Amino acid sequence: MKVLHIFRSRLFLFFTIIGIQLWFVISAAYMLGGTFPILNGLLRAASLFLVLWIVNKKQDPSYKIVWIIPILVFPLFGILIYFFFSQRKLRRKERRRGQSIYRNTAACLSDDDGVCRLIAGEEQDGERLLSYIRKAGNYPAFSNTQTEFFGMGESFLASLLHELKKAGQYIFLEFFTINEGRAWEAILDILKQKAHNGIEVRILYDDMGCIDHLPHNYCRELESYGIRCEVFNRFVPVVDSMFNNRDHRKIAVIDGRTAFVCGTNLADEYFNLKERFGVWKDACLMMKGDAAWGFLIVFLQMWDFAAHEKTDISLLRPLTSDAIPADGYVQPYASNPFDDLPLAENIYLGMIAGAKKYLYVNTPYLVLNSSLRNALCAAAGSGVDVRITVPHIPDKKIVFLLTRANYRALLECGVKIYEFTPGFIHAKTYVCDDKFAVVGTINTDYRSLFLHFECAALLYRNSSIPVIRDDFLSTLKTCREISLDEMQKEKWYIKFLQTVLNMFAPLL
């Protein structure tokens, strides 16, 4: 039955149709190449020009190598695959529309907006990172915000349900994956009641994230309850590079006064209501106050892009403004493939380079490009206590092999690596020196850093930072530390497979 389900799934159908299209194009081209030898010469010349173009692009060297090899060895196949599956940017029309939306909403995050409080005064070392995010991404830092960190999905779900019940104006949810089950039923019951009572409810989910979890027409069902729904980047069985660009964000905004950002999707396994890979550990941050407005803008930027509309943001101002004492700074930010700005990667690099005493990282996939790997090694080599926790029970075995392929180089530099033995860590958190922390949706792999729409919150001198640190240290008690000796004793064929996978890491 499970095999039949795979063959009937939309994902299987999608890639089957795409494969047939590619097969016809490539077969026809090679048949013509055999008939007209000059065509082969033109393909060889085109592949060389393409390689020269790739070499001079502003990209990570490892990502360039992945494409140079197939383009030179199999010119036509390599060229087609490169243009259909490698592009970071969206189509020009979509990119311009997205950039226009971002420019229009930027006015709501300007320095003279009474809701936004950007760091003022002389910049110190720590404040440079916040200033960079403000200048490069146009995301301000907010001071009047109360935060609460959740180190497990169960506590996040309980808090989310509590806050949803209190909604009096609107509820906006944006999640990569929604899966029918106990958690979603509890959330949906509240959403239906709120919509019935006249509260505006909007839901945005990614088609890829839900392709095997929700019916194709699930939006219509939600709309029948009075809930507005949009599906981001629907799968269309036509060869197109845009299917690479997924909405991987997980955001909830309630009345513009409360917001959540997390690694947690709305499915039972994330809350340990269903076991898939042992104990599931995740991370979420709740914000009450001004920073919630920042995530409202992030949500509306994506909503307007997906729905092809322009929301009147002035109508969504919080009805009341609670006086919340300053607690450091909270800086919501988002990354997107509209331009060449590697904002998410640069923030991680900034934290790593700025760490003086310690840097603790939770990540489900330790798939690193050369920049991140070198930065982590440099930090550990300078005496910073760098520790990274990863899953012991993987959700994707190939990616787990690739994760372990990065162990050796990091261990040799002095980085300490731990595997979470009870199960799977899906949290994406960075914390350093009791000064900075990041909680969000952003993994360390190429797709998350450059292809997907992602988001996170940067905390600076905020009271939740020691909580995130202590949660990490508490998690270490259930982890096993990986030794360099252990990695050196791995079987030769595992090392060989990891070497091959490492070459194709940017594609995974």
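It should be noted that the structure appears before, not after, this text.
As the structure is a computational prediction, the values presented were derived from the model and not from experiment.

Draft legend 1. Region of interest: the overall build of the chain. Looking only at helices and strands, the chain has 20 helices and 17 strands in total. Here the chain holds 508 residues, and the buried ones make up 57% of them. Sequence separation of at least 24 residues holds for 81% of the intrachain contacts in the chain that already meet a minimum separation of 6. Element-wise, carbon and sulfur atoms account for 59% of the exposed surface of the chain, whose accessible area totals about 21800 Å².

Draft legend 2. Local environment of helix 18 (residues 464-476). Compared with the 18 Å implied by 1.5 Å per residue over 13 residues, the 19 Å span of helix 18 between its first and last C-alpha is a close match. Residues of helix 18 that are buried: Ser464, Ile465, Ile468, Arg469, Asp471, Phe472, Thr475 and Leu476. End-on, the buried residues of helix 18 take up no more than an arc of 160 degrees, which puts them together on one face.

Draft legend 3. Spotlight on unusual backbone geometry. Positive phi values are uncommon outside glycine, yet Asn233 reaches one of about 50 degrees. Backbone geometry at His308 places phi at a positive 55 degrees, although glycine is not the residue there. Here His308 lies in the loop between helix 12 (290-307) and strand 9 (329-335). Under the relative-accessibility criterion, His308 is labelled exposed at 56%.

Draft legend 4. Quick look at the packing of helix 13 (residues 343-354) against helix 14 (residues 370-381). Relative to each other, helix 13 and helix 14 sit at 10 degrees, their axes nearing to 9 Å. Here helix 13 lies roughly parallel to helix 14, going by the angle between them. On helix 14, the residues that touch Glu345, Tyr348, Leu349 and Ile352 of helix 13 are Ser371, Leu372, Ala375, Leu376 and Ala379. Looking at the contact of helix 13 with helix 14 residue by residue, the classes come out as 7 nonpolar, 1 polar and 1 charged.

Draft legend 5. The state of the cysteines, seen in detail. Within the structure shown, the criterion is met by 1 disulfide. What pairs with Cys219 in a disulfide is Cys229, and their sulfur atoms sit 2.1 Å apart. With the S-S bond torsion at -70 degrees, the cross-link from Cys219 to Cys229 turns out left-handed. Separated by 10 residues along the polypeptide, Cys219 in helix 11 (residues 218-224) and Cys229 in strand 4 (residues 228-232) bring together distant segments of the chain.

Draft legend 6. Main features of the sheet that holds strand 2 (residues 170-175). Pairing in this open sheet of 7 strands is mixed, and the strands run 1-8-6-5-2-3-4 from one edge to the other. The sheet is open, and its two borders are formed by strand 1 (145-150) and strand 4, each paired with just one other strand. Strand-to-strand twist across the sheet, computed as the mean angle between neighbouring axes with direction ignored, equals 10 degrees. Bridging between strand 2 and strand 5 (residues 250-254) involves 5 bridges; their strand directions are antiparallel. Residue pairing across strands places Phe172 opposite Val253, the latter belonging to strand 5. Running at roughly 155 degrees to strand 6 (residues 258-262), helix 8 (residues 153-165) makes contact with strand 1, strand 2, strand 5, strand 6 and strand 8 (284-289) of the sheet.

Draft legend 7. Fine view of the side chain of Arg404. Among the secondary structure elements, Arg404 is positioned in helix 15 (residues 397-405). When its relative accessible area of 11% is taken as the criterion, Arg404 is described as buried. In this view, Arg404 contacts Glu419, Arg480, Ile482, Glu486, Met487, Glu490 and Gln498; residues no more than four positions away in its chain are not counted.

Conventions we followed
- Residues numbered from 1 in each chain as written.
- Predicted model: local features only at pLDDT ≥ 70, side-chain atom pairs only at ≥ 80, totals over all residues.
- Heavy atoms only, no water.
- Helix = DSSP H or I, 4+ residues; strand = E, 2+ residues; numbered from the N terminus.
- Buried < 20%, exposed > 50% of the residue type's maximum accessible area, 1.4 Å probe, protein only.
- Contact = heavy atoms within 4.5 Å.
- Areas by Shrake-Rupley, 256 points an atom, 1.4 Å probe, with all protein chains shown as cover.
- Expected span 1.5 Å × (residues − 1).
- Arc of directions from axis to C-beta.
- Axes fitted to C-alpha atoms, helices over the stretch in contact; angles between N-to-C directions.
- Parallel < 35°, antiparallel > 145°, perpendicular 65-115°, else oblique.
- Nonpolar A, V, L, I, M, F, W, Y, C, P; charged D, E, K, R; others polar.
- Disulfide = S-S within 2.5 Å.
- Pairing = 2+ DSSP bridges.

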